[in-house]
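Results of the structural survey
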Amino acid sequence: MTVLKKLFLALIGLAWALPADAARPVSQSELRRAAPGDILRIKPLPGGAPNGVRAYQIFYRSIGLRDEPILVSGALFYADGDEPRRRPVVAWAHPTTGVTRNCSPTRHTDVYNRIPGMDRMMADGFIVVATDYAGFASLPPHPYLVGESQARAVLDSVRAVRQLRNARASDRFIVWGHSQGGHAALFTGELQPAYAPDLGLAGVVAAAPATRLADLFKSDAGTVWGNALTAMTLYSWSHIYGIPASTVVHGDVVPVFQRLGRDCIDSLSGVIKVLQDAKPLERRFFKRDPTEVPQWRQIMDENSPGKRPIRAPVLIAQGRKDNIVPYAVTRRFAADSCSLGTPIQFLDMPGAGHVYAAEQSARRSIQWIKDRFAGRRIRNWC
C-alpha cells in the first residue's frame, strides 16, 4: 500500500470525528449538545510519535465540578496497521506539571516520551490515551488534586477513544498514574461504577500516589519542593473553591505564592524556575497551618482517596526513598484500602525515589496490566 493511500484511508477513518475545522474553537452550544466523551476536535499531536504509531491530540467533552459541560484535551496513541482484535485501553494519568494553561502536557512536542513504557505498550497492541485533566483546554486554573475532576477527565478520555472506529478500542481499560496521576487513578477506580458504568475497569496502577493529603502537607512542609507543590495546590484551590489564600499565607509573600502558582514543572528550565521562586518561602510562608484550618482541612479530606472500595485490582508502586510522598503514608493507605475490601498488590521499591517511580516500576506495571487484560488472578497483598 502506498504512503498516499495510507494517508487517504487514515483521513477517511477520522473524518467522521471532525464535526468542524479542527482549528476552530469549540463553542458553548457545541459543548452543551455533546455527551460526555464526545470528541469535538481531533488533530495531529505536536511532535507526533515514532514511525508506525498514530498520535493525535483530542478535545473531548467532560463534566465540571458544577456539573457544567467542559472541554478537556488529551493525547491518543495506537500502533498503525490493521488490528484483528479489539485493542485494550490504558488511560495514562500524568504527574504534576502545573495548574495553568501553559502547563498542559499536550502543548509539548515530546508527549510520547513522557509516558513510561510507551514502546512496549505499542508493541503489545494497547491504545494509550493521556488526558490533560480539566482546566488546561478550558477556563484555568486546573483543579489540582481534586479527585472527582481528575477521575471524570480520565473516564471521559476512555469514552472518547471508543468513538474512533479505526482504533478498534475494546470495552476494557486500565488506568495508570504517577504522583498526582496516581491520585487521579485511585479516584478513577472509586468513581467509575457510578460515573461511567458503561466502561469496564480491569485494574488500577498507582505509582507513588498522593493519598492522605493532610499527611502529605504536613510531611512536606518547609522543604523547597513541599512549599512549591503546596503553593500550586492552594493557588488552584483558592480559585476553585473561592477561599482566599490570604487566610493562611502571610500577606507579604502572596506575590511569591502567586508566581509559584503560575509556574510549570514540566521541563528542566521550569524546575529551575520553581526552585528559585520557592526559595523565599523557606523563610516565611504560612501564618496558619492549612491542615488545622477547617475550611482547608475539609478540602484535603474530601480529596483524599480511600473512602470507597475499588472493586478492580489495584497495584501500588512505592519507593522507600521518596521524599515527596513518604513510603509510610502510602503503606498506611494500602493497608486501610485492604480493610475496605479493595484487592491490593503492593510493589515495594527499596531504592526508588519519587520522580522516577513510574519509570522504575514500568516493566512490572506493564506486565501486571497485561495479566489483568488476560484475566489472570492477582496475589492479594491484603
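All values reported here derive from a predicted model rather than from experimental measurement.

Section: the packing of aromatic side chains
- Tallying each qualifying case throughout the model produces nine aromatic pairs.
- A centroid spacing of 5.2 Å and a plane angle of 85 degrees characterise the contact between Trp92 and Trp176, whose relative ring orientation is edge-to-face. Note that Trp92 is positioned in strand 4 (residues 87-93) and Trp176 in strand 6 (residues 169-178), a separation of 84 residues in sequence. Across this residue pair, the class does not change: Trp92 and Trp176 are buried.
- Members of the aromatic cluster, each reached through a chain of ring pairs, are Tyr327, Phe346 and Trp381.
- Its guanidinium or amino end placed over the ring of Trp368, Arg372 lies 4.8 Å from that ring's centre, counting from NZ or CZ.

Details of the pairing of strand 9 (residues 344-349)
- For strand 9, the buried fraction is high: five of the six residues fall into the buried class.
- As paired elements, strand 8 (residues 314-319) and strand 9 share six bridges and run parallel to each other. Among the inter-strand pairings, Gln318 is bridged to a residue of strand 9, identified as Asp348.
- The parallel pair strand 8 and strand 9, bridged by helix 12 (residues 327-340), forms a crossover whose chirality is right-handed.

Quick word on the packing of helix 8 (residues 224-241) against helix 10 (residues 268-278)
- Between helix 8 and helix 10, the shortest axis-to-axis distance is 9 Å and the interhelical angle comes to 95 degrees. Overall, the two elements helix 8 and helix 10 adopt an arrangement that is roughly perpendicular. The residues of helix 10 that touch helix 8, namely those facing Val224, Trp225, Ala228 and Met232, are Val271, Val274, Leu275 and Ala278.
- Per-class residue counts for the contact of helix 8 with helix 10 are eight nonpolar, no polar and no charged.

Considering empty space enclosed by the protein
- Across all of its chains, the model carries two cavities of 30 Å³ or more by this definition.
- Approximately 50 Å³ is the volume attributed to the largest cavity.
- Around the largest cavity, the lining residues are Leu186, Glu190, Gly306, Arg308, Ile310, Val314, Phe333, Ser337, Leu340, Thr342 and Ile344.
- Among the secondary structure elements, those contributing two or more residues to the lining of the largest cavity are helix 6 (180-195) and helix 12.
- If you tally residues by element for the lining of the largest cavity, the top one is helix 12, at three residues.
- A breakdown of the residues in the lining of the largest cavity according to their chemical character gives six nonpolar, three polar and two charged.
- In this model, the second largest cavity occupies a volume close to 40 Å³.
- Lining the second largest cavity are Val89, Val158, Arg162, Ser170, Asp171, Arg172, Phe173, Leu199 and Gly200.
- No other element matches the four residues that strand 6 contributes to the lining of the second largest cavity.
- Taken together, the residues that form the lining of the second largest cavity break down as four nonpolar, two polar and three charged.

As for the sheet that holds strand 6
- One open sheet holds the nine strands; their spatial order is 1-2-3-5-4-6-7-8-9, and the pairing between them is mixed. Sheet topology places strand 1 (39-44) and strand 9 at the edges, where each strand pairs with a single neighbour. Ignoring which end each strand starts from, the neighbouring axes of this sheet average 20 degrees apart.
- Bridge count between strand 6 and strand 7 (residues 200-207): seven bridges; the pairing is parallel.

Observations concerning the layout of surface pockets
- Size it by volume and the largest pocket reaches roughly 980 Å³.
- Looking at the largest pocket, it is lined by 44 residues, and the ones nearest its centre are Pro95, Thr96, Thr97, His178 and Ile265.
- Going through the elements one at a time, helix 3 (111-114), strand 5 (127-131), helix 7 (213-220), helix 8, helix 10 and helix 13 (357-360) are the ones with two or more residues in the lining of the largest pocket.
- Top contributing element to the lining of the largest pocket by residue count: helix 8, with five residues.
- Residue composition of the lining of the largest pocket, grouped by class: 24 nonpolar, 14 polar and six charged.

Side note on helix 9 (residues 254-261)
- Among the residues of helix 9, those classed as buried are Val254, Val256, Phe257, Leu260 and Gly261. Looking down the long axis of helix 9, one finds its buried residues gathered within 160 degrees of arc, a one-sided arrangement.
- Tucked inside the fold, the buried residues of helix 9 contact helix 8 and helix 10.

Remarks on unusual backbone geometry
- Even without a glycine there, the phi angle at Leu145 is positive, about 55 degrees.
- Residue position: Leu145 is located in the loop between strand 5 and helix 5 (147-161).
- Within the chain, Ala208 stands out as a residue other than glycine whose phi angle is a positive 45 degrees.
- Summarising the element assignment, Ala208 is placed in the loop between strand 7 and helix 7.

Things to note about the pattern of salt bridges
- Within the structure shown, the criterion is met by 24 salt bridges.
- We note a salt bridge from Arg320 to Asp348, for which the minimum N-O separation is 2.9 Å. Taken together, the residues span a long stretch of sequence, with Arg320 in the loop between strand 8 and helix 12 and Asp348 in strand 9 at a distance of 28 residues.
- The exposure class of Arg320 is partly exposed, given its relative accessible area of 47%.
- The network of salt bridges with common partners includes Arg259, Asp263, Lys273 and Asp277.

The rules behind each value
Residues numbered from 1 in each chain as written. Predicted model: local features only at pLDDT ≥ 70, side-chain atom pairs only at ≥ 80, totals over all residues. Heavy atoms only, no water. Phe/Tyr/Trp six-rings, centres within 6.5 Å; stacked < 30°, edge-to-face > 60°. Helix = DSSP H or I, 4+ residues; strand = E, 2+ residues; numbered from the N terminus. Buried < 20%, exposed > 50% of the residue type's maximum accessible area, 1.4 Å probe, protein only. Lys NZ or Arg CZ within 6 Å of the ring centre and 35° of its normal. Pairing = 2+ DSSP bridges. Right-handed = clockwise from strand over helix to strand, strands pointing away. Axes fitted to C-alpha atoms, helices over the stretch in contact; angles between N-to-C directions. Parallel < 35°, antiparallel > 145°, perpendicular 65-115°, else oblique. Contact = heavy atoms within 4.5 Å. Nonpolar A, V, L, I, M, F, W, Y, C, P; charged D, E, K, R; others polar. 1 Å grid on protein atoms, 1.4 Å probe; cavity = no way out; pocket = protein on both sides within 12 Å on 5 of 7 lines; lining within 4 Å. Points joined across faces, edges and corners; volume = space filled by probe spheres on them. Arc of directions from axis to C-beta. Salt bridge = Lys/Arg side-chain N within 4 Å of Asp/Glu carboxyl O.

By themselves, these figures tell us nothing about what the structure is for.
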